[in-house]
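Structural overview
Read off the chains here:
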Amino acid sequence: MTAARARRGAVAFAWGVLGFALPVLMLAAVSAWNGVYPFGPASFLTEDLLYQYVDFFTWFRAVLVGDESLFYSTAQALGANTWGLYSYYLASPFNLLVALFPVERVTLFVWVITALKLGCVQLAMTWFLRRRFGLSRGAALALALAFTWSSWTAAQLRNPLWLDALICLPLMATGAWALVREGRWRLLVGATAASIIVCWYTGYMTILFLCCYAVFECFLRCVDEPGFGWRGVARTALRFAAAMVGALALAAFTFVPTVLAMVGDVSGRIAGEPVSGLPWGTALKLGGAALVLGAVGVVAVVAELRWSRPVARRGLRPALAAGLLAVAAAALVVLERLHLLGVTCTLADLASGFFLGGWRVNEVPQVSAGAAVLVLALVFLTCSRIDARKRAAAAWLGFALLASVWVTVLYCVWCGFRAPNGFYSRIGFFVVFLLV
């Protein structure tokens, strides 16, 4: 028994090493092929990574070696609270490695932590796929690689602080599934708290997605277990809400000071600069528009359920859901054509984002996970052997995510009720995750 267990452990360890090494080797191969540092004179240090993050990493290195304070700096105006800077840009545990690199090697440090993060993303996604779907190691490894090296990941090599979200997302999704199916909450709380701690901004977006994903998992359980019912959904909703509160409590030591630091932006006022961000009135309009869209969807679903309550009509529910989805998609297109609805890109650009090579900076969303994953996702939606209710639910979740990428008002809600500049599309990795 002990020998068999040791053999299984050795096999699992070998697969883990392979999973971690594959995306790292791919990064090294791509860097070497294109002459990117440390294999050539070029570098993916561009935009904010070049003009801001390198300076932040240098400052954080000075903090770690005892030459600066983590809480306050006099580098700007008359001095400023730096906790908000730390919690957004520098809270990733990978950044602790910067102390091992001399200042002139910060570029190498960025490459190293990017490689390490990609390896950890691969491990987390592989574990999710095996735990959630019971896939073989080979199948899970291949599908996870599509997530790890999606077009969103490739685009964010110039923005490595957001790659931690790709590590946390599969863990949070596994926690949500475990809560819905097994009533276990510890992984969900821990992974969610970690997501907030490493970067509150991506943590906020991931929690929004997690709420949608938990509803999706609840629906799948209702399909698999008719006895789960509304009471089961209500109990699960309460547990999920408690888990989110618990995660916020665990992350309060960093989240609360961050909020206070953002509210008290003293240096900007001293310099006479206006406080950045959208006015509260605009933010409320954005939130109100999102609530109206959500309310319309809820009313349509309730109407469908009431009409199909008789046993003779229940079999029509998947077809009705598909019809409502088609109507909703057509309505968005019509509103956009009439210039009544602001969008982030053209419909053609949205579609081209699903194909490798179709991405263009600030024009096309990065939602490609590769041709194989796209084909398999389409096969899933059209396969008659899969329960039509599950396919309809997956299609609706995909539509909600794509609408959030495309419709400006929804996109701003996901981005903290602000109109973001650069790094479009920030929530594309959720679409990639769903495809995989």
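Since we're looking at a predicted model, the values are computed, not measured. (Residues numbered from 1 in each chain as written. Predicted model: local features only at pLDDT ≥ 70, side-chain atom pairs only at ≥ 80, totals over all residues. Heavy atoms only, no water.)

Helix and strand counts for the protein stand at 20 helices and two strands. Intrachain contacts of the protein at a sequence separation of at least 6 include 68% that bridge at least 24 residues. Accessible surface, the protein as shown: approximately 21,800 Å² in total, 70% of it carbon and sulfur. (Helix = DSSP H or I, 4+ residues; strand = E, 2+ residues; numbered from the N terminus. Contact = heavy atoms within 4.5 Å. Areas by Shrake-Rupley, 256 points an atom, 1.4 Å probe, with all protein chains shown as cover.)

Between helix H8 (residues 186-198) and helix H10 (residues 229-250), the least distance of the axes is 8 Å, while the angle of their chain directions is 45°. On the basis of their axis angle, the class for H8 and H10 is oblique. Seen along the crossing, H8 lies across H10 with a hand that is right-handed. Taking contact as the criterion, the partners of Leu-188, Val-189, Thr-192, Ala-193 and Ile-196 in H8 are, on H10, Phe-240, Ala-243, Met-244, Gly-246, Ala-247, Leu-248 and Leu-250. (Axes fitted to C-alpha atoms, helices over the stretch in contact; angles between N-to-C directions. Parallel < 35°, antiparallel > 145°, perpendicular 65-115°, else oblique. Left-handed = near helix turned anticlockwise from the far one by under 90°.)

Our next topic: a nonpolar patch on the surface. On the surface, Leu-248, Phe-255, Val-256, Val-259 and Leu-260 cluster together into a nonpolar patch covering about 410 Å² of accessible area. At four residues, the largest contribution of residues to the nonpolar patch is made by helix H11 (residues 252-263). Inspection of the secondary structure puts Val-256 in helix H11. Since its relative accessible area comes to 43%, Val-256 is described here as partly exposed. (Patch = residues over 30% accessible without salt bridge, like charges linked within 9 Å, V, L, I, M, F, W, Y side chains within 5 Å. Salt bridge = Lys/Arg side-chain N within 4 Å of Asp/Glu carboxyl O. Buried < 20%, exposed > 50% of the residue type's maximum accessible area, 1.4 Å probe, protein only.)

This next bit is on the environment of Gly-370. With respect to the secondary-structure elements, Gly-370 resides in the loop between helix H16 (347-352) and helix H17 (371-382). Judged by relative accessible area, Gly-370 falls into the buried class, the value being 14%. Taking the C-alpha atoms as reference points, Gly-370 and Leu-356, separated by 14 residues in sequence, lie 6.4 Å from one another.

This part takes up the packing of aromatic side chains. Enumeration according to the criterion identifies 26 aromatic pairs in this entry. Each ring, one from Phe-56 and one from Tyr-89, has its centre 4.8 Å from the other, and the planes form 50°; the classification is tilted. Residue Phe-56 is located in helix H2 (residues 48-64), and its partner Tyr-89 is located in helix H3 (residues 83-90); the two are separated by 33 residues in the primary sequence. Judged on exposure class, the residue Phe-56 and its partner Tyr-89 are both buried. Ring plane angle 85° and centroid distance 5.7 Å describe the contact between Tyr-411 and Tyr-424, whose orientation is recorded as edge-to-face. Residue Tyr-411 is found in helix H19 (residues 408-414), and its partner Tyr-424 is found in the loop between H19 and helix H20 (428-435); the two are separated by 13 residues along the sequence. You'll find Tyr-411 and Tyr-424 in the same group, each marked buried. Grouping aromatic residues by their ring pairs yields a cluster made of Phe-128, Phe-133, Phe-147, Trp-152, Phe-209, Tyr-213, Phe-216, Trp-414, Phe-429, Phe-430 and Phe-433. Taking the ring centre of Trp-185 as reference, the NZ or CZ of Arg-186 above it sits at 4.9 Å. (Phe/Tyr/Trp six-rings, centres within 6.5 Å; stacked < 30°, edge-to-face > 60°. Lys NZ or Arg CZ within 6 Å of the ring centre and 35° of its normal.)

Attention now goes to the confidence of the model for the protein. For the protein, per-residue confidence averages 85 on the pLDDT scale, and 85% of positions sit at 70 or higher. Confidence over residues 265-278 falls short of pLDDT 50; this stretch has 15 contacts with residues more than four positions distant or in other chains. (pLDDT = per-residue confidence, 0-100.)

Attention shifts here to the environment of Ala-377. With respect to the element layout, Ala-377 can be found in helix H17. Overall, the relative accessible area of 15% leaves Ala-377 in the buried class. Counting along the chain gives 18 residues from Ala-377 to Ala-395, while the straight-line C-alpha distance between them is 10.0 Å.

What follows is about the nonpolar core. Core analysis: the biggest nonpolar cluster contains 112 residues, and Phe-57, Phe-147, Phe-430 and Phe-433 have the highest contact counts within it. Beyond its immediate sequence surroundings of up to four residues, Phe-430 is in contact with Leu-169, Met-205, Thr-206, Phe-209, Leu-401 and Trp-414. (Core = buried A, V, L, I, M, F, W, Y, C linked by side-chain atoms within 4.5 Å.)

Moving on to the side chain of Arg-391. Checked against the element boundaries, Arg-391 lands in helix H18 (residues 388-406). One buried charged residue, Arg-391, remains without a salt bridge, the closest side chain of opposite sign being Asp-387 at 6.9 Å. Excluding anything up to four places from it in sequence, Arg-391 contacts Phe-380, Leu-381, Thr-382, Cys-383, Ser-384 and Ile-386. (Lys, Arg positive; Asp, Glu negative; His and termini not counted.)

Our next topic: the pattern of salt bridges. Counted according to the given criterion, the structure contains 12 salt bridges. Where Glu-182 meets Arg-131, a salt bridge forms, and the shortest distance between an N and an O atom there is 3.5 Å. Taken as a pair, Glu-182 in helix H7 (residues 164-182) and Arg-131 in helix H4 (residues 106-133) lie far apart in primary sequence, 51 residues in all. The exposure class assigned to Glu-182 is partly exposed, which follows from its relative accessible area of 38%. Arg-131 sits in the partly exposed class, given a relative accessible area of 30%. Its salt-bridge partner being Arg-389, residue Asp-387 comes within 2.8 Å of it at the nearest N-O pair. The partly exposed category is assigned to Asp-387, whose relative accessible area is 28%. Linked through salt bridges whose partners overlap, the residues forming this network are Arg-181, Arg-221, Asp-224, Glu-225 and Lys-390.

Right, let's get into H10. In a regular helix each residue adds 1.5 Å, so 22 residues correspond to 32 Å; H10 covers 32 Å between its end C-alpha atoms and thus fits that length. Those residues of H10 that fall on the buried side of the exposure criterion are Gly-232, Thr-236, Phe-240, Ala-243, Met-244 and Ala-247. The buried residues of H10 occupy one face: seen down the axis, they fall within an arc of 110°. What points out from H10, more than 90 degrees from its buried face, is the exposed set Trp-230, Arg-231, Leu-238, Val-245 and Ala-249. Contacts from the buried residues of H10 go to H7, H8 and helix H9 (200-224). (Expected span 1.5 Å × (residues − 1). Arc of directions from axis to C-beta.)

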